[in-house]
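# Secondary and tertiary structure notes
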Amino acid sequence: MPRKRKLLAQLSALQSNSSFPPFDALENLNTMPDGNSSPKSSKYFAIEKKNSSQLEADFFNQPCVSLAKSFLGQILVRKLPDGRELWGRIVETEAYLGGEDEASHSKGGKQTQRNAAMFMKPGTLYVYQIYGIYFCVNVSSQGEGAAVLLRSLEPLQGLDAMRELRSASRKGPTKLLKDWQLCNGPSKLCQAFGIDKAFDQRDLTQDAAIWMAPGHDLPGEQDVVATTRIGIGNRGEWAQKPLRFYLRGNKFVSVVDKKTEREMAAMGHFSCS
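Summarised in this report is the structure supplied together with it. (Residues numbered from 1 in each chain as written. Predicted model: local features only at pLDDT ≥ 70, side-chain atom pairs only at ≥ 80, totals over all residues. Heavy atoms only, no water.)

With that out of the way, let us pick up unusual backbone geometry. Within the chain, tyrosine 131 stands out as a residue other than glycine whose phi angle is a positive 60 degrees. As for its position among the elements, tyrosine 131 is in the loop between strand 3 (125–130) and strand 4 (134–140). Phi at aspartate 217 takes a positive value of approximately 50 degrees, unusual for a residue other than glycine. Within the secondary structure, aspartate 217 sits in the loop between strand 6 (210–213) and strand 7 (224–227). (Helix = DSSP H or I, 4+ residues; strand = E, 2+ residues; numbered from the N terminus.)

The following block contains the structure:
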């Protein structure tokens with residue numbers, strides 16, 4: 001598909017412009033010529049923290065709704081322990097504002113051991129567990145207790161590894177997952193990227209195993225659908241606020257709101273397809 005080829009070309013450009021070595025060379029980076037296998041002693045480890053293609057602290061230091069929209073089109077990168085890298089384009093997010101937001105874990109400014117990451121500096125990961133099984137990953141923003149939930153990714157690189165990780169998290173015989181099924185939901189993307197509670201309170205600007213890279217051809221306001229959040233139950237007026245954002249027409253989005261899209265088209269925000 002032309003669009004997928006374009007995304008892959010952009011991904012190659014990102015890799016060639018970064019300070020990272022070629023993907024197929026990552027497997028050999030754990031052992032240095034002197035036999036020292038400690039990653040902290042390698043040149044690569046020193047370079048890794050200075051990746052020129054990594055989004056820096058200034059990017060994350062913005063209000064929650066603004067950050068939720070700014071994430072769309074950016075790339076989440078996860079480096080697995082075996083050296084493989086997983087790349088996914090962010091296509092859907094939700095903003096949780098803290099304070100008066102009845103759907104936020106930090107509503108009323110309540111800070112607990114569980115949600116402490118929501119009160120840390122912008123760019124800090126907040127990972128929590130649901131149903132005692134699945135994980136969801138958020139990123140803190142400006143605002144007391146505010147954070148953005150990453151809902152869906154468009155897989156770009158490492159799809160075989162993502163399938164392995166998803167299969168390992170599923171019980172019994174499983175069918176081969178299609179590309180669009182790998183990361184189309186907050187818990188699915190955590191499974192596919194190997195994100196669990198151990199990632200809670202990590203800094204996206206400093207961590208060696210997970211970070212964000214800038215995307216290319218970022219969407220304009222007319223490409224973004226703003227609608228209600230999913231699975232927050234009865235939260236009064238907050239259940240109706242348009243705090244979920246996704247890329248219109250992207251098949252990797254978890255839930256499409258056709259009614260809102262028709263209303264936006266009627267107001268001239270974009271043309272009907």
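Moving on to helix 7 (residues 258–266). Listing the buried residues of helix 7 in full gives Thr260, Glu261, Met264 and Ala265. All buried residues of helix 7 project into a common sector of 140 degrees when viewed along the axis, lining one side. Turned more than 90 degrees off the buried face of helix 7, the exposed positions are Lys259, Arg262 and Ala266. On its buried face, helix 7 sits against strand 7 and strand 8 (244–247). Phi turns positive one or two residues past the end of helix 7, at glycine 268, with a value near 85 degrees. (Buried < 20%, exposed > 50% of the residue type's maximum accessible area, 1.4 Å probe, protein only. Arc of directions from axis to C-beta. Contact = heavy atoms within 4.5 Å.)

Our focus in this paragraph is the packing of aromatic side chains. In the structure shown here, the tally under the stated rule is four aromatic pairs. Pairing phenylalanine 59 with phenylalanine 60 gives two aromatic rings, centres 5.3 Å apart and planes at 90 degrees, and the pair type is edge-to-face. One exposure class covers both phenylalanine 59 and phenylalanine 60, and it is buried. Plain terms: the ring middles of phenylalanine 59 and phenylalanine 71 are 5.9 Å apart, the flat faces sit at 40 degrees to each other, and that makes the pair tilted. Residue phenylalanine 59 is located in helix 3 (residues 57–60), and its partner phenylalanine 71 is located in the loop between helix 4 (64–70) and strand 1 (75–79); the two are separated by twelve residues in the primary sequence. For the pair formed by phenylalanine 59 and phenylalanine 71, the shared burial category is buried. Feature note: the residues Phe59, Phe60 and Phe71 constitute an aromatic cluster, connected by ring pairs. Sitting above the plane of the phenylalanine 199 ring, arginine 202 keeps its charged end 4.0 Å from the centroid. Directly above the ring of tryptophan 238 sits lysine 241, whose terminal nitrogen or CZ lies 4.9 Å from the centroid. (Phe/Tyr/Trp six-rings, centres within 6.5 Å; stacked < 30°, edge-to-face > 60°. Lys NZ or Arg CZ within 6 Å of the ring centre and 35° of its normal.)

For the rest of this paragraph, the subject is the nonpolar core. Counting 49 residues, the largest nonpolar core has Phe60, Phe71, Leu150, Phe193 and Met212 as the members making the most contacts within it. Here this core gets four residues from one element, more than from any other, and that element is strand 2 (residues 85–96). With sequence-adjacent residues up to four places away left out, phenylalanine 193 is seen in contact with Leu76, Arg78, Leu80, Leu86, Trp87, Gly88, Leu153, Met162, Leu165 and Cys183. Counting residues in hydrophobic clusters, the runner-up holds twelve residues, among them Ala147, Leu149, Ile232 and Ala239. (Core = buried A, V, L, I, M, F, W, Y, C linked by side-chain atoms within 4.5 Å.)

All right, on to the pairing of strand 5 (residues 147–157) then. By the criterion of burial, strand 5 is predominantly enclosed, with eleven of the eleven residues buried. As defined by bridge partners, strand 2 adjoins strand 5 across nine bridges and the pair is classed as antiparallel. Bridging from a neighbouring strand, glutamate 94 pairs with leucine 149 of strand 5. Of the pairings in the sheet, the one linking strand 4 to strand 5 comprises three bridges and is antiparallel in character. Note that in strand 5 the partner of serine 140 across the bridge is alanine 147. As consecutive antiparallel partners, strand 4 and strand 5 are separated by six residues, and within that stretch glycine 143 has a phi angle of approximately 105 degrees, a positive value. (Pairing = 2+ DSSP bridges.)

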